[in-house]
Amino acid sequence: MSFTELVGQNICWRAVAPSRPRLWKKGQKFADDQPHMFFVVSGRVRLMALAAEGSEKTLWYLREGCCFNETPSFILLGHDNPLVMGDARYYHECVEDSYICSFTGEEVRKIGLQKPELLLNLCHSFSFKVTLLSQQVISLSLESQTTRVCKFLASRIVPGAQPLRARRD
């Protein structure tokens, strides 16, 4: 999953996105504790995991039509208790200049009341992301960088191929 690219997962959010997205320059980072959800209009953003000992892993790349940092919106919609995601910290980073729209948690809530199908879309895409993470947990934690690079190259030789993946059983 380290090199998975998600495209168009939340394309329906384009209809409610502000007409003037903000330009985020290559290298700008989004912390995982920001109270905003973001929508990629154009460009490329990657999700990084930073472990307690300082190692970083790229989890996936997001392109046009994808939302990210939706977790705070789910918290706002459900509980006041923050969601803890283990010891790792996560952040998103622009890997190229990108146009990105921002939604506050309150805006997501209001949009969800008016268009519940958009919240359903968020649930589906979030579920898809969690599934990807669970399928690759062994690869992310145990495989060497060399093995992961070889899998990346294998996926580029045959576009759309899923290189060998460790099974959870």
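Residues numbered from 1 in each chain as written. Predicted model: local features only at pLDDT ≥ 70, side-chain atom pairs only at ≥ 80, totals over all residues. Heavy atoms only, no water.

*Asks:* Which parts of the structure should I look at to understand the pairing of strand 4 (residues 36-42)?
*Replies:* Working note: regular strand, side chains alternate between the two faces of the sheet. For strand 4, a buried count of five out of seven residues is recorded, marking the element as mostly surrounded by other parts of the structure. Bridge count between strand 4 and strand 7 (residues 67-68): two bridges; the pairing is antiparallel. Residue F39 lies in a different strand from strand 7, and its bridge partner there is C67. (Buried < 20%, exposed > 50% of the residue type's maximum accessible area, 1.4 Å probe, protein only. Helix = DSSP H or I, 4+ residues; strand = E, 2+ residues; numbered from the N terminus. Pairing = 2+ DSSP bridges.)

*Asks:* Honestly, the pattern of salt bridges in this entry has me stumped. Any pointers?
*Replies:* Side chains carrying opposite charge are able to pair once their charged atoms draw close together. Tallied over the full model, the rule gives seven salt bridges. Between E106 and R109 there is a salt bridge; the shortest N-O distance is 2.7 Å. Here E106 pairs with R109, and both are found in helix 2 (residues 105-114), just three residues apart, close to one helical turn. Residue R109 is classed as partly exposed on the basis of its relative accessible area, which comes to 30%. It is possible to trace a salt-bridge network through shared partners that takes in E5, R44 and R63. (Salt bridge = Lys/Arg side-chain N within 4 Å of Asp/Glu carboxyl O.)

*Asks:* Explanation requested: the packing of aromatic side chains in the structure shown.
*Replies:* Two descriptors summarise a pair of aromatic rings, namely the distance from one centre to the other and the angle between the planes of the rings. Using the criterion set out here, one finds six aromatic pairs in the structure. With a centroid separation of 5.2 Å and 25° between ring planes, the pair formed by F38 and F68 is classed as stacked. Taken together, the positions of F38 in strand 4 and F68 in strand 7 put the pair 30 residues apart, joining distant regions of the chain. Here F38 matches F68 in class, with each residue buried. Each residue in the set W24, F30, F38 and F68 is aromatic and connected to the rest through ring pairs, giving one cluster. Just above the ring of W24 sits the side chain of R22; from NZ or CZ to the centre is 3.8 Å. Here the guanidinium or amino end of R44 rests over the ring plane of Y61, the centre of that ring lying 4.0 Å away. (Phe/Tyr/Trp six-rings, centres within 6.5 Å; stacked < 30°, edge-to-face > 60°. Lys NZ or Arg CZ within 6 Å of the ring centre and 35° of its normal.)

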